[in-house]
Amino acid sequence: MKKDFMILGIESTCDETSAALLRGGKEIVTNVIYSQIEEHKKYHGVVPELASRAHAAKIATVIKEALGNHPLDYVAFASGPGLPGGLMVGRVAAETLAQFKNVPLIGVNHLEGHIFACDFEGNEVKNRLKFPLVALVVSGGHTELWYVKDYGQYKVLGRTRDDAAGEAFDKVAKLLGLPYPGGPQVSKQALNGRRDGIAFPRPLLPGTWDFSFSGIKTAVSYYLRDHKNFSIPDVCASFEQAMVDTLVTKTLKAAQKYKVHHIAVGGGVAANTLLREQMQQAAAAQKIEVHFVERKLSSDNAAMIALAAYQKLAYAEKTGRPFQRNITIDPNMQVRSWK
Ligand code: KG4
Ligand code: ZN
């Protein structure tokens, strides 16, 4: 890889249309994000058809703005998992650009992007992650626990069987009449509530690393149905505590079981202050270091996709062999070249 090579990342898996340039695997040059929140707000969640249309409408402008007059050496795109319409828009844009510029195209797993976003400090890549580690990705669309042996060597330990963690926050917010996205709203209300006020369940699903959050959400809806004079702050605080307890307990158990000293936490819900504090505390007691993504890069963005692509290239160069895929997240996790 030549010095200061430029990777253009493209992200379009859910409700952010984003393109970013990463220089030399070290520095974010641009990270343009068009958020579709306004389009989805009135539905309290992402509407796939609206998302596809917004991606199609914005992607060219976002790429143009991110690329400007900079040179281009690689194009990377989030090849999944995600909403089919958005994935198609991102893929077609990335393939067209790569072919037109005659540069290699790299497909990246979106969740890999969320994990490696923990390596950013501001606009710089600091390689904070130390392997092996256990990674928790918590967002509006995903809740997954991974064992990460090294860049490119992953095992999915568990994932949500129903609602994603962020989705549960969004649905509870909707039940309470709070605006979308619900996570920050619920957190804000929770500041004035009692965390032990209402006994919502902690679905730990022993014997598996999977998660399930629909039960907590249903418990909240039954509580609201049965209590006419409920306190919104108490409901938010008790719900948030139940979510955080579940996420922290399972992640630390996995870290113990796999004997790792490092945990990475990425995705939109990683912005949650209670989760950050309580995960840090619980991990410190076991001499485990937690690397949270910085809040600014916790939501979907293309810089994390460009960085994950860089890690793939660097790993392939270091080991002298093609990128390893020992699990099966996505068939497109490979470097492809048109040369
Ligand atoms: O990573 P992201 O932008 O989208 C997906 O890839 O799905 O995450 C968005 C999700 C939303 O569900 C939002 O409510 C949640 O992250 N979120 C939070 C917080 N900030 C965002 N959830 C809990 N606490 C927060 N502070
Ligand atoms: Zn995401």
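The residue count restarts for each chain, going from 1 along the sequence in the order it is written. All chains are assigned letters beginning at A, and all ligands numbers beginning at 1, according to the order in which they are written. Only residues with pLDDT of 70 or above have their local features reported here, since the model is predicted, and side-chain atom pairs are shown and tallied only from 80 upward, although totals for entire chains, interfaces and linings are computed over all residues. Hydrogens and waters are ignored; side-chain quantities use all the structure's heavy atoms.

Participant: I tried to follow the coordination of the zinc ion (ligand 2) on my own but got confused; where do I start?
Facilitator: When a metal holds four donors in a tetrahedron, each ideal angle between them is 109.5 degrees; when it holds six in an octahedron, the ideal angles are 90 or 180 degrees. Listed as protein donors to the zinc ion (ligand 2) are H110 (NE2), H114 (NE2) and D300 (OD); their distances from the metal cover 2.0 to 2.1 Å. A donor here means an N, O or S atom no more than 2.8 Å from the metal, or no more than 3.2 Å when the metal is Na, K or Ca. Since water is not included, a site may seem to lack partners. Labels for metal geometry use angle windows, namely 85 to 135 degrees for all angles of a four-donor tetrahedral site, and for square planar (four donors) or octahedral (six donors) sites opposite donors over 155 degrees apart plus all others within 65 to 115; sites meeting none of these are irregular. Around the zinc ion (ligand 2), the four donor atoms are arranged such that angles at the metal cover 89 to 138°; this shape is classified as irregular. Mapped onto the polypeptide sequence, the residues donating to the zinc ion (ligand 2) form the spacing pattern H-x3-H-x185-D. Here D300 lies in the loop between β12 (289–292) and α10 (302–319) and H114 lies in helix α4 (residues 110–116), a separation of 186 residues in the sequence. For D300, a relative accessible area of 10% translates into the label buried. Only DSSP runs of H or I reaching four residues or more are called helices, and only runs of E reaching two or more are called strands; each is numbered from the N terminus. Residue exposure (1.4 Å probe, protein chains only): buried if accessible area is under 20% of the type maximum, exposed if over 50%, otherwise partly exposed.

Participant: It is not clear to me how the pairing of strand β1 (residues 6–11) should be interpreted in this structure. Could you clarify?
Facilitator: Sheet faces and side chains relate simply in a regular strand, where the side chains alternate between the two faces. The buried fraction of β1 amounts to six of the six residues, a majority that puts the element mostly inside the structure. A pair of strands counts as paired when DSSP detects no fewer than two bridges linking them. Summarising the sheet, β1 and strand β2 (residues 16–23) pair through six bridges and their orientation is antiparallel. When the bridges of β2 are listed, I10 appears paired with A19. Of the strand pairs in this sheet, β1 and strand β4 (residues 74–80) are connected by four bridges, and their pairing is parallel. The partner of G9 across the bridge, within β4, is A76.

Participant: Even after reading the chapter, I still don't get the site of ligand 1, so can you show me in this structure?
Facilitator: Near residues are defined by distance, with any heavy atom within 4 Å of the molecule or strand qualifying the residue. In the vicinity of ligand 1 there are 22 residues, among which G140, G141, D170, G268 and D300 approach most closely. In this structure, an oxygen atom belonging to ligand 1 sits 3.3 Å away from a side-chain N or O atom of S299. In this structure, D300 approaches ligand 1 through a side-chain N or O atom, which is 2.9 Å from an oxygen atom. Note that accessible areas follow from Shrake-Rupley with a 1.4 Å probe, and for residues the cover is restricted to the protein chains shown. Contact with the protein chains hides 91% of the accessible area of ligand 1, taken as 560 Å² for the molecule alone. Every element with two or more residues in the shell around ligand 1 is listed here: α4, α5 (165–175) and α6 (182–190). Among the elements that take part in the shell around ligand 1, α6 stands out by supplying four residues, more than any other. Here the term charged refers only to Asp, Glu, Lys and Arg, the term nonpolar to Ala, Val, Leu, Ile, Met, Phe, Trp, Tyr, Cys and Pro, and the term polar to all other amino acids, Gly among them. The residue inventory of the shell around ligand 1, partitioned by class, reads five nonpolar, 14 polar and three charged. Residues adjacent in sequence count toward polar contacts only when both atoms are side-chain atoms; beyond that, a polar contact is any pair of N or O atoms within 3.5 Å, and within protein one must be able to donate a hydrogen and the other to accept it.

Participant: What is the right way to look at helix α9 (residues 273–284) in this model?
Facilitator: Its 12 residues place the ends of α9 16 Å apart at the C-alpha level, agreeing with the 16 Å of an ideal helix rising 1.5 Å per residue. Throughout, a residue-residue contact means that at least one pair of heavy atoms, one from each residue, lies within 4.5 Å. Along its buried surface, α9 packs onto β8 (133–138), α8 (232–257), β11 (262–266) and β12. A helix is expected to span 1.5 Å multiplied by its residue count minus one.

Participant: Whenever I open this one, the confidence of the model for the protein chain confuses me. Can you help?
Facilitator: A low pLDDT means the predicted coordinates there should not be read in detail. What pLDDT expresses is the predictor's confidence in each residue, scored from 0 to 100. On average, residues of the protein chain carry a pLDDT of 92, and 94% of them reach 70 or more. Scored below 50 in pLDDT, residues 324–339 shows 42 contacts in the model against residues more than four places distant or in partner chains.

Participant: Mind showing me how you'd approach the sheet that holds β12 here?
Facilitator: Neighbouring strands of a sheet are bound in pairs by backbone hydrogen bonds; such pairs are parallel or else antiparallel. One open sheet holds the five strands; their spatial order is β10-β9-β8-β11-β12, and the pairing between them is mixed. Among the strands making up the open sheet, the edge pair consists of β10 (153–159) and β12. Between one strand and the next, the sheet's axes are offset by a mean angle of 20°, whatever the strand orientation. Relative to strand β9 (residues 143–150), β8 runs antiparallel, the two being bridged by six bridges. By the bridge assignment, A135 is partnered in β9 with W146. Lines are fitted to the C-alpha atoms to define the axes, a helix being fitted only along its stretch in contact, and any angle between axes, read from their N-to-C directions, falls within 0 to 180 degrees.

Participant: What's the story with the domain arrangement of the protein chain in this structure? I'm lost.
Facilitator: Bring the parts together and some accessible area is lost; that lost area is often taken as the interface size. Domain start and end points were adopted from an automatic or database domain assignment. According to the domain assignment, the protein chain consists of domain 1 (6–122 + 297–319) and domain 2 (133–293). Computed from C-alpha atoms alone, the centre-to-centre distance between domain 1 and domain 2 is 26 Å. Each side of the interface is counted separately: domain 1 has 25 residues, and domain 2 has 26 residues. Throughout, buried area stands for the accessible area (probe radius 1.4 Å) lost by two parts on being put together, summed over both. Both faces combined, the contact of domain 1 with domain 2 buries some 2,000 Å², and carbon together with sulfur accounts for 70% of it. Remark: the boundary between domain 1 and domain 2 carries six residue pairs in polar contact (both at pLDDT 80 or more). Only α1 (37–40), α4 and α10 provide two or more residues apiece to the side of domain 1 that touches domain 2. Take the side of domain 1 that touches domain 2: its biggest share by element is six residues, from α4.

Participant: Would you mind going over the nonpolar core with me for this structure?
Facilitator: Soluble, globular proteins show a tendency: their nonpolar side chains are buried together. Counting residues in each nonpolar core, the largest one holds 88 residues, and the members touching the most others are I7, I115, F120, F200, F239, V265 and L275. Three or more residues apiece are contributed to this core by two domains, here domain 1 (6–122 + 297–319) and domain 2 (133–293). Setting aside residues up to four positions removed in sequence, I7 forms contacts with A20, L21, L22, Y74, A76, A306, A309, Y310 and L313. Within this scheme, the nonpolar core is defined by two criteria: the residues are buried Ala, Val, Leu, Ile, Met, Phe, Trp, Tyr or Cys, and they are joined through side-chain atoms within 4.5 Å. Core analysis: the second largest hydrophobic core is formed by 21 residues, V32, I63, A94 and V103 among them.

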